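# Structural overview
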Amino acid sequence: MKALTWHGTHDVRVDNVPDPELQDARDAIIRVTATAICGSDLHLYNGLMAGMQSGDVLGHEFMGEVVETGSAVSNLKKGDRVVVPFTIACGDCFFCNSRLYSLCDNSNPNAEDAAAVMGHSPSALFGYSHLLGGIPGGQAEYVRVPYADVGPLKVESDFSDEQLLFLSDIYPTGYMAADNADISPGDTVAVWGCGPVGQFSIRSAWMLGAGRVIAIDRVPERLKMAEEKSGAEVINFEQENVYERLLEMTKGYGPDGCIDAVGAEAHGQGDPEAERRSPDSGEANHPLALNEMIMSCRKGGHLSLPGVYTDKVDGFAIQALMNKSLAVKSGQTHMHAYMPALLRTIEQDLIDPSYIITHRHKLSDAAKAYEHFNAKQDGCIKVVMTP
Ligand code: NAD
Ligand code: ZN
């Protein structure tokens, strides 16, 4: 089959690879009908994540049709249409039973290696580093889904792939990001990053009762989408001092909730503007957006970090975090806990997530699609590919 494979920094190729096969009674094989590129894929594309191997099949946002099931998979049958969560969970460990599915203790076959390298062992994700399981991803014609008796969400309504696909990651991720900001009715919520995760964080903040949402980025098309499609007030961080502007907009209090939908990119590494912008500048490699959040958040407020970090960061404003009594919540999304309810919001016409799609490609053009999405060029906000 054809699949998008990683060969090094900025080197991804559509290659012929062996078709996936059932390896366990709880596996299923899915024929992929739609797949997307995520900001998390960019950390791999930009060479920020350890544990990648040449030839790895990428992709963790996908949906499709069941073609084969293992003997223990009784909830699915051939022909079923499913959206697959990007996090892999066994469904019966302590963490899965606590509905903290992205912390599953059993999904990562390389947990011991990961602990030796990272000091902790993350659960498995599709199409990610070998430290996170090395499970081949879904930017491919077919994919093997482990624990298929637990993860895939069956859809029976006739909504299009484009309307349903983002249940595989970014819609639940934006929703959990807003949930983690502990929004009280009328709160002001600020969102750093207007990529796909930021866009769904904005929508979700409104759903959860925010009175005001402020979105921060520098890409004009992304700020425009936040403003025009989701009613956010916007700050272009290349044109304004984010910290000063946020305080001015909130009578000096700062936002009640702050969401970091940027992640590793927000370290400001290699960005000459970063030093100038940070309200807590002076230290090398300072976590720019994180410190802006800490410094500007209202005392006693909430920080939510869906953004993915790929290493430690220096210069983190821990003193202010502590003195301001800020609460922090983070994590890969507990997908299985959110997907069914968010599917209902689509079926009830409360949201049509396809508004975010700006580019459509054949899987065979995936290398070009990665280049555009990474450069945030041509108004590219979200790319969907069809095998
Ligand atoms: P993206 O790269 O498309 O968007 C990031 C946006 O942040 C860009 O528009 C960029 O211009 C903006 N940005 C960069 N530096 C900034 C700064 N200092 N201040 C404000 N904005 C800044 O990525 P995405 O797909 O939206 O994903 C965002 C983050 O969420 C990534 O780190 C990704 O890995 C992570 N993610 C996490 C989960 C999870 O489960 N927690 C799931 C999916 C994605
Ligand atoms: Zn993703």
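The rules behind the values
- Residues numbered from 1 in each chain as written.
- Chains lettered and ligands numbered in written order.
- Predicted model: local features only at pLDDT ≥ 70, side-chain atom pairs only at ≥ 80, totals over all residues.
- Heavy atoms only, no water.
- UniProt positions renumbered as here; feature names shortened; annotations may be inferred.
- Helix = DSSP H or I, 4+ residues; strand = E, 2+ residues; numbered from the N terminus.
- Rg over C-alpha atoms; globule rule 2.2 N^0.38 Å.
- Buried < 20%, exposed > 50% of the residue type's maximum accessible area, 1.4 Å probe, protein only.
- Contact = heavy atoms within 4.5 Å.
- Areas by Shrake-Rupley, 256 points an atom, 1.4 Å probe, with all protein chains shown as cover.
- Lys, Arg positive; Asp, Glu negative; His and termini not counted.
- Charge placed at Lys NZ, Arg CZ, Asp CG, Glu CD.
- Donors = N, O, S within 2.8 Å, 3.2 Å for Na, K, Ca; no water.
- Tetrahedral: all angles 85-135°; square planar, octahedral: opposite > 155°, others 65-115°.
- Near = heavy atom within 4 Å.
- Polar contact = N/O pair within 3.5 Å; in protein donor to acceptor, adjacent residues only side chain to side chain.
- Domains from an automatic or database assignment.
- Salt bridge = Lys/Arg side-chain N within 4 Å of Asp/Glu carboxyl O.
- Phe/Tyr/Trp six-rings, centres within 6.5 Å; stacked < 30°, edge-to-face > 60°.
- Buried area = accessible area lost by both parts, 1.4 Å probe.
- Nonpolar A, V, L, I, M, F, W, Y, C, P; charged D, E, K, R; others polar.

As annotated in an unreviewed UniProt entry, the protein chain carries the name Glutathione-dependent formaldehyde dehydrogenase and is attributed to Kushneria phosphatilytica. The UniProt entry for the protein chain carries the following text under Cofactor (unreviewed entry): "Zn(2+)".

## Thoughts on the overall build of the protein chain
Scanning the protein chain from N- to C-terminus turns up 13 helices and 16 strands. A globule of 387 residues ought to have a C-alpha radius of gyration of about 21 Å, and the protein chain, at 20 Å, matches this closely. On the principal axes, the C-alpha backbone points of the protein chain span a range of 60 × 45 × 45 Å. Sorting the 387 residues of the protein chain into buried and exposed places 57% on the buried side. The contacts in the protein chain between residues at least 6 apart in sequence include a share of 71% that link residues at least 24 apart. Here the protein chain has roughly 15700 Å² of accessible surface; of this, 47% comes from carbon and sulfur atoms. Charged side chains in the protein chain number 31 positive and 52 negative. The centres of these two groups are separated by 4 Å.

## A closer look at the coordination of the zinc ion (ligand 2)
Coordination of the zinc ion (ligand 2) by the protein comes from Cys38 (SG), His60 (NE2), Glu61 (OE) and Asp169 (OD), over a distance range of 1.9 to 2.3 Å. One can describe the site at the zinc ion (ligand 2) as tetrahedral: its 4 donor atoms subtend angles covering 88 to 131° at the metal. Of note, the zinc ion (ligand 2) draws all its donor residues from one chain, in the sequence arrangement C-x21-H-E-x107-D. Of this pair, cysteine 38 sits in the loop between strand S3 (28–36) and helix H1 (39–45) while aspartate 169 sits in the loop between helix H4 (161–164) and helix H5 (170–180), and the two are 131 residues apart along the sequence. Taken as a pair, cysteine 38 and aspartate 169 share a single burial class, namely buried.

## Here we look at the site of ligand 1
Taken together, 32 residues surround ligand 1, and among them Ser40, His43, Asp217, Val262 and Thr333 come closest. At 2.7 Å from an oxygen atom of ligand 1 is found a side-chain nitrogen or oxygen belonging to serine 40. In the environment of ligand 1, a nitrogen atom lies 2.9 Å from a nitrogen or oxygen atom belonging to the backbone of proline 306. Considered on its own, ligand 1 offers 860 Å² of accessible surface; in the complex 98% of this is hidden by protein. Counting residues per element, the shell around ligand 1 draws most heavily on H1, which supplies 4 residues. In terms of domain composition, the shell around ligand 1 takes at least three residues from each of domain 1 (2–169 + 333–386) and domain 2 (171–330).

## Details of the pattern of salt bridges
Applying the stated rule across the entire model yields 16 salt bridges. Arginine 245 is paired through a salt bridge with glutamate 248; the nearest N and O atoms lie 2.8 Å apart. Taken as a pair, arginine 245 and glutamate 248 lie in helix H8 (residues 242–249) at a separation of 3 residues, close to a single helical turn. The class for glutamate 248 is exposed, based on a relative accessible area of 59%. Connected through shared salt-bridge partners, Lys77, Asp80 and Lys154 make up one network.

## Focus: the environment of tyrosine 101
With respect to the helices and strands, tyrosine 101 occurs in the loop between helix H2 (94–97) and helix H3 (111–118). Given a relative accessible area of 12%, tyrosine 101 falls into the buried group. Through-space distance from the C-alpha of tyrosine 101 to that of leucine 48 is 25 Å; in sequence the pair is 53 residues apart. Beyond its immediate sequence surroundings of up to four residues, tyrosine 101 is in contact with Ile88, Ala89, Phe95, Cys96, His334, His336 and Ala337.

## Regarding the packing of aromatic side chains
One pass over the structure, following the stated rule, counts 7 aromatic pairs. On the basis of an interplanar angle of 90° and a centroid distance of 5.0 Å, the ring pair of phenylalanine 94 and phenylalanine 95 is categorised as edge-to-face. Here phenylalanine 94 falls in the exposed class, since its relative accessible area comes to 59%. Ring geometry for tyrosine 171 and phenylalanine 200: centres 5.5 Å apart, planes at 35°, overall tilted.

## A word on the domain arrangement of the protein chain
Segmenting the protein chain into domains produces domain 1 (2–169 + 333–386) and domain 2 (171–330). Summarising the inter-unit geometry, the C-alpha centres of domain 1 and domain 2 are found 26 Å apart. Between domain 1 and domain 2, the contact holds 26 residues from the first and 21 residues from the second. Buried surface at the junction of domain 1 and domain 2, both sides included, amounts to about 2300 Å², of which 70% is carbon and sulfur. For the pair domain 1 and domain 2, the interface holds 0 salt bridges. Along the contact surface separating domain 1 from domain 2 lie 8 residue pairs in polar contact (both at pLDDT 80 or more). At the level of elements, H1 and helix H12 (335–347) are the ones that each hand at least two residues to the side of domain 1 that touches domain 2. The dominant element in the side of domain 1 that touches domain 2, judged by the number of residues it contributes, is H12, at 6 residues. For the side of domain 1 that touches domain 2, a count of residues per class yields 17 nonpolar, 6 polar and 3 charged.

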